[in-house]
Amino acid sequence: MKKLKLIHSLKFRLFLIIVLVGILPSIILRFGILASYESKAVSNRSIDILSQAKMLGSQVLTYNYMTDTSVEIINAQLEQLSNIYDGRVMIINNRFQIVKDTYGLDTGKTIISEEVVKSFRGEEISKYDGDNRYIELAFPLKNAGTQNVLGVMLVSVSTDSIMFNYDYLKKNAQVIELATAALVLAFALFCASHLVQPFRKLTRSLEEIQTEDGEEELMISDYTETEAISEAFNEMMGRMQVIDESRQEFVSNVSHELKTPLTSMKVLADSLLGQEDVPAELYKDFMGDIAEEIERENKIINDLLSLVKMDKSAGSLNIALVNINELLEVIMKRVKPIAEKQNIELVLESFRPVTAEIDEVKLSLALTNLVENAIKYNKEDGWVHVSLNADHKFFFVRVEDSGIGIPEESLEHIYERFYRADKSHSREIGGTGLGLAITRNAVLMHRGAIKAHSKLGEGTIFTVRIPLSYIA
Ligand code: ADP
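Residues numbered from 1 in each chain as written. Predicted model: local features only at pLDDT ≥ 70, side-chain atom pairs only at ≥ 80, totals over all residues. Heavy atoms only, no water.

Draft legend 1. Structural view of the overall build of the chain. Tallying secondary structure elements over the chain gives 13 helices and twelve strands in all. Over its C-alpha trace the chain gives a radius of gyration of 54 Å, far above what one expects of a compact globule, namely 23 Å for 472 residues. Here the chain, with 472 residues, has 37% of them falling under the buried criterion. Put simply, of all contacts in the chain between residues at least 6 apart along the chain, 63% involve residues at least 24 apart. Surface accessibility of the chain: about 28,500 Å² in total, with carbon and sulfur atoms responsible for 57%. The average position of the 51 basic charges and that of the 67 acidic charges among the side chains of the chain differ by 8 Å. (Helix = DSSP H or I, 4+ residues; strand = E, 2+ residues; numbered from the N terminus. Rg over C-alpha atoms; globule rule 2.2 N^0.38 Å. Buried < 20%, exposed > 50% of the residue type's maximum accessible area, 1.4 Å probe, protein only. Contact = heavy atoms within 4.5 Å. Areas by Shrake-Rupley, 256 points an atom, 1.4 Å probe, with all protein chains shown as cover. Lys, Arg positive; Asp, Glu negative; His and termini not counted. Charge placed at Lys NZ, Arg CZ, Asp CG, Glu CD.)

Draft legend 2. Examining the sheet that holds strand β12 (residues 459–467) more closely. One open sheet holds the five strands; their spatial order is β7-β9-β10-β12-β11, and the pairing between them is mixed. The open sheet terminates on both sides in strands that have one partner only, identified here as β7 (345–350) and β11 (449–455). Averaged over all neighbouring strand pairs, the angle between strand axes comes to 10°, with direction disregarded. Where strand β9 (residues 383–390) meets strand β10 (residues 394–401), seven bridges bridge the pair, whose relative direction is antiparallel. When the sheet's bridge partners are listed, H385 is paired in β10 with E400. (Pairing = 2+ DSSP bridges. Axes fitted to C-alpha atoms, helices over the stretch in contact; angles between N-to-C directions.)

Draft legend 3. Structural view of the sheet that holds strand β4 (residues 134–142). With antiparallel pairing, five strands are arranged side by side in an open sheet as β2-β1-β5-β4-β3. Bordering the open sheet on either side are β2 (98–101) and β3 (125–129), each of which pairs with just one other strand. Averaged over all adjacent pairs, the angle separating strand axes in this sheet is 15°, with direction ignored. Pairing geometry for β4 and strand β5 (residues 149–158), over nine bridges, is antiparallel. When the sheet's bridge partners are listed, F139 is paired in β5 with M153. Along the sheet face, helix α2 (residues 10–62) touches β1 (87–93), β3, β4 and β5 and points at about 30° away from the line of β4. Where helix α3 (residues 72–84) meets the sheet, its contacts fall on β1, β2 and β5, and the angle it forms with β1 comes to roughly 140°.

Structure (structure tokens):
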């Protein structure tokens, strides 16, 4: 496992790349240079020997050496040639007979090798046998005038001296190569750990931020990459902070809202307990107030529960095909008693029959909140108009009232949890400040939209747009 981790690390890969780039070329260079040295040295040697042997060849013909091998001057030169180059020279006459062998082994014998036959045809042959380390040359001895081939000269020389140089060079190259390899390894190790340093710094900073004893902001600007990571991380942290703050605010708002009715109840109960001989009427009166506060507490808790439900993912929607006209009629019937109490006229106008794929419970709650608000924040003898319309994609519910209206600066806040445009009035009529938050969540869960228009003192219009078919 640890081994695998090492192979996957950036440090190891950098190390490997630097080592390969540093060492491979020197290995290739060694092979290349040694091979070209060998071929060049062999070819030089061949040319040298060939030119000298040819000169000797012409003298062989001049002195008629092939019929009389006792010519001293030629013998001496042949001896010299074979000594200098550590080789063997053979002269063959046109009957394929070896008339002279500087080794003295085969004189008088017949030789019909491939090279000899080819040379008699006029070819010059030069062959290098790397395994046995010798060069073999064969060329015809031609009459200067008639160009007749009178014999063949066969020279074979050892390349030991070339190979000696070759081995010497090879050894030197290997030593240099080893030294380079050691240097490259050290360099690679240094570079690899140096190059991954910023990433290690990044991890350390992240750990410090986690334990909260380092800085809040992450910024490792050694590389553009680490800078981008830092920026992305800071952005994410910022977003998380906003979420955290809003959650804290929500919790503190909830506590405050839940405490208010409790404080009232405590005050009421204490004042009853503090008095002696309290008349039964006062008791009843105070108990009525306490019951009202309990009711209020209950309402806040119920609204909070609804809100939590709406906060869940869209997956928790219970989608079914619902007749929206009927749904609105039911809602109107349900709120009718509250409207009648304030003598408010309720009108439902359906422009066409609408059925849509919705979660009936959630959307019904959302629309009820809007209609209830229109009644709650209305004037005596006012009216509430609810209308339903649709096109081929959406249906629209419009809730219009002749109420007190919403101040312009409050319009953008009315969907916030516990926000009340008109604080004293809202509390007085039992508002929790959660209704529109619930409504908006429900509408968004249906992939819909909600808009509000209002004129202070004249009234408010809420428009809800919901897709006819639910898009998951
Ligand atoms: P509440 O429980 O206080 O009614 P809501 O979230 O339903 O809470 O509404 C938020 C605030 O928006 C209300 O306190 C009220 O001030 C304002 N509001 C909502 N609907 C209307 C309306 N139809 N007319 C006037 N003001 C409204």
